[in-house]
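Examining the three-dimensional arrangement
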Amino acid sequence: MLLGIFFFCYSASYAGKMRAEKLRELDLVIEQSIEKGDIPGAVLWIESKGEVYQRAYGRRVVSPGSEEMTVDTIFDVASLTKVMATTPAILHLSEGGRLALDAPVSDYLPEFSDGGIRSEPVDPEVTAKDRERITVRDLLTHQSGLPPGIFLSEKDFWGHEEGARRAAAIGLIERPRQRFRYSDVNFILLGEIVARVSGQRLDEYAEAHLFGPLGMQSSGFLPTVRAQSRIAPTNEIEGYGLLRGIVHDPTARRMQGVAGHAGLFSTAEDLATFLRVLMRGEAVSGIPILDDDSLSAMTTNQLAPSAGMERGLGWDISSNFAYQRGTKFPLNGYGHTGHTGWTGSSIWVDPASDTFVILLANRNHPSESGRIKQLRIEVGTLAAEAVGYTKEVILSGGREMAPEKPAVQTAAGGSEFVLNGVDVLERDRFSALKGLKIGLITNQTGITRTRRSTIDLLASAKGVKLKALFSPEHGIRGVLDQDLVDDSRDAATRLPVYSLYKSEFRKPTAEQMAGLDALVFDIQDIGCRFYTYVSTMGLAMEAAAEQGLKFIVLDRVNPIGGEVVDGPVRRGEGNDFVAFHSIPVQHGMTVGELARMFNAERNVGADLTVIPVAGWIPSMFFDETGLPWVNPSPNIRSVTEAMLYPGVGLIEFTNVSVGRGTQTPFEHVGAPWIHDGKLAIEMRDEGLSGIDFYPTRFTPDSSVFGGEDCGGIRFVLTDRNRFRPIDLGLALKRVLHRSHPDTFNLMEKGNILLRHEETLEAISDGESAEDIRSRWKEDLDEFLNRREAFLIYPRKNQ
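The following refers to the structure shown. (Residues numbered from 1 in each chain as written. Predicted model: local features only at pLDDT ≥ 70, side-chain atom pairs only at ≥ 80, totals over all residues. Heavy atoms only, no water.)

Describing the packing of helix H17 (residues 676-684) against helix H18 (residues 725-739)
- Contact geometry for H17 and H18: axes closest at 10 Å, N-to-C directions at 125°. By the angle between their directions, the pair H17 and H18 is classed as oblique. Pair H17 / H18 crosses with right-handed handedness. Residues Leu679, Glu682 and Met683 of H17 form the contact with H18, whose participating residues are Leu728, Ala731, Leu732, Val735, Leu736 and Ser739.
- Residues that form the contact of H17 with H18 fall into these classes: seven nonpolar, one polar and one charged. (Axes fitted to C-alpha atoms, helices over the stretch in contact; angles between N-to-C directions. Helix = DSSP H or I, 4+ residues; strand = E, 2+ residues; numbered from the N terminus. Parallel < 35°, antiparallel > 145°, perpendicular 65-115°, else oblique. Left-handed = near helix turned anticlockwise from the far one by under 90°. Contact = heavy atoms within 4.5 Å. Nonpolar A, V, L, I, M, F, W, Y, C, P; charged D, E, K, R; others polar.)

Dropping the structure here:
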């Protein structure tokens, strides 16, 4: 081992200098996380002043079979690849004079100059020539202006060379050095630069110059068959089986397991070896692997003060992704994660106390339902307390493209609070609205995290002049389930309430906006194309642009998450209010991100500002945010119903009840002509993931088949991380049409919300789900490519 004798502690019998009671708390929170099913197991390594506390918890494998977690378990460390392999390899080449950090990327990858820009860039001033200004240093600090990732289609298999080609060709979305934007593309390119300059692929170079000399015998890409029994698997992927020794990251997997952003496998002990070198500069042999200048550049700030955060070369210091620091370690440390919970690996280093913390877990085994963020925060906090820190240190700051991490506050159930845009606005003392006369587009969902109405908040805010209110479908209080909503007056503020759900008016008029400086939008969407609040937003943004008003969106989380994107992209003409823009049924975007897309792709030209959400990760569901739930409309009464809506809603307007007029709309469907038991069996035979079906009977009070006894099925979500609403909607249409071709009015009413005639015809013809999906795969792929330029919150799956 390095630099003296280390004390290894494996249990509660610990008697070292770290606070034993805090180490026991650490054990407890990890064990509780395992009991809750957040992770199957973990390995913890805390080292402070030469003293080590190391433990293994839970199981390495839970399916198929079962294996106990051991301290020498090898993990897929995901984005730690960036700082354990790619960054030091680049700096090693730089020290040898073989590349220059401030040289253009195109000096080493000539084809990079030909990549151009995205058709809808974030920065309207970006040009193709800006690519020539991007340096190797810009890639290392995530300031290149490139998008977060390469678009994926799940069945693609590229090979390494094709992945590198795609990264080099991907369009620029903003000028370099404008802002920090975490991007896998940056490090894919860096990995390719290592290969071009050295003549060795990244895995070979890292082994020869880093892992080998450091004695990191369990670290590397493409683990050997001999190491398989020690590897913690992730989940099962079609075409690969259980991923054990195969990288989980989909882009790296398509690049044959070797990429600059992901692909490394390692153990806690090997990571500890590397971190000692990083902290103290010495290798096993006593010969430095990197010089002091390189080590310092990795671990001290390399960004301009205007960035509002600090990052080293590769390493994170105080960006919004540095939450594994917890709340007690001081802000002059550094670390990295295997990003935003991807596989479960994280590191934090605190030079002031000569301490580092390594937490390794395979949170996505046996499925993607695991969670790791809150555990990382708790482990970081308790580790700091174990080495003597007691004062809370809050990470603040933040920018639109990397939303601020708020102070960690714990809700009653233990989940961390997230701030919606209105909460950020209030926290920032309404600076974005100061001196403006505004009209507010909102309803009952416009509340703060303390449940204060946005109407009341802005009406009493100093420096803000609230002059008018605008209401969407269902009215200002969200209780009206009717075809049209009239104008009214707000009882509390006595302000006029202009309805945007009239037959003649769906957007604010010039008369209603007279004397205003801005329109502010604050309504909770539910992530589905035909949920009409986003249509109201788009039309209002057009009206604001026409009158020269600012348009400000107070962003809100997508309650069903921002990772899954599914369903056909809108085609054809028709009622644009339920299909405002060419987006898929489940779009996976927030209202703020959609506003950016609408503004650019529809050439609205609005003076748009988005006040971003803080602390939200797109993999979160609403009930994981700590935010208060308010029914966004009369028939969406829970997160479960919001999850079901994009699928069950596809049979609305047909002669099937979707449960309107009952206590649980969208949680069951039925009709007088349906045999409940038979339909349950047929739906189970469809083999859908994450959902089960049970026979039921119900009598709606109103709406379709009001007052009539309906046979049907009840939906029970068994794994909402695997559940896909569009699969449910397609299956319902297919099964009902197959069983009742003369009764179910598929062709007459089935396309009102689907808006994809080709899919409807395929269902009618009895095509398989796979063949149906193939009909809109190309459009969906193109949408995923389009949306990258408008995303505010980093996604991992696309």
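Overview of the packing of aromatic side chains
- Scanning the entire structure with this criterion turns up 14 aromatic pairs.
- An aromatic cluster of at least three residues, connected via ring pairs, comprises Phe530, Tyr531, Tyr533, Tyr645 and Phe666.
- Positioned over the ring face of phenylalanine 577 is arginine 506, at 4.4 Å from the centre of the ring.
- Its guanidinium or amino end placed over the ring of tyrosine 694, arginine 684 lies 5.0 Å from that ring's centre, counting from NZ or CZ. (Phe/Tyr/Trp six-rings, centres within 6.5 Å; stacked < 30°, edge-to-face > 60°. Lys NZ or Arg CZ within 6 Å of the ring centre and 35° of its normal.)

Some thoughts on the sheet that holds strand E13 (residues 465-471)
- The sheet built from seven strands is open, its strands ordered E14-E15-E13-E12-E16-E17-E20 with mixed pairing. Of all the strands in the sheet, just strand E14 (488-489) and strand E20 (607-611) have a single pairing partner and so form its edges.
- Against the sheet, helix H15 (residues 591-601) contacts strand E16 (518-522), strand E17 (550-554) and E20, and its axis sits at roughly 160° relative to E20. (Pairing = 2+ DSSP bridges.)

Structural notes on the pairing of strand E10 (residues 346-350)
- Judged by how many residues are buried, E10 sits mostly within the fold: five of five residues are covered.
- Burial of E10 is two-sided: the residues Ser346, Trp348 and Asp350 facing one way and the residues Ile347 and Val349 facing the other way are all buried.
- Here strand E9 (residues 334-337) runs beside E10; their pairing, made up of four bridges, is antiparallel. The residue bridging tyrosine 334 from the neighbouring strand is valine 349, located in E10.
- Hairpin remark: E10 followed by strand E11 (residues 355-361), antiparallel, with four residues in the connecting loop; positive phi at aspartate 354, about 55°. (Buried < 20%, exposed > 50% of the residue type's maximum accessible area, 1.4 Å probe, protein only.)

Some thoughts on unusual backbone geometry
- In this model, serine 63 is joined to proline 64 through a cis peptide bond whose omega is -5°.
- One can find proline 64 in the loop between strand E3 (51-61) and strand E4 (67-68).
- Geometrically, the link from histidine 365 to proline 366 is a cis peptide bond, its omega value of 5° lying close to zero.
- Looking at the element boundaries, proline 366 is found in the loop between E11 and helix H10 (373-386).

A look at the pattern of salt bridges
- Counting across every chain of the model gives 48 salt bridges.
- Ionic pairing is found between arginine 276 and glutamate 47, a salt bridge with its closest N-O pair at 2.8 Å. Placement of the pair is arginine 276 in helix H8 (residues 268-280) and glutamate 47 in strand E2 (residues 41-48), with a sequence separation of 229 residues. Like glutamate 47, arginine 276 is buried.
- One salt bridge connects aspartate 316 with arginine 311, and the closest N-O pair in it is separated by 3.1 Å.
- Note on arginine 311: relative accessible area 1%, which makes it buried.
- In the salt-bridge network here, residues are joined through shared partners; they are Arg571, Glu758, Glu767, Arg775 and Asp779. (Salt bridge = Lys/Arg side-chain N within 4 Å of Asp/Glu carboxyl O.)

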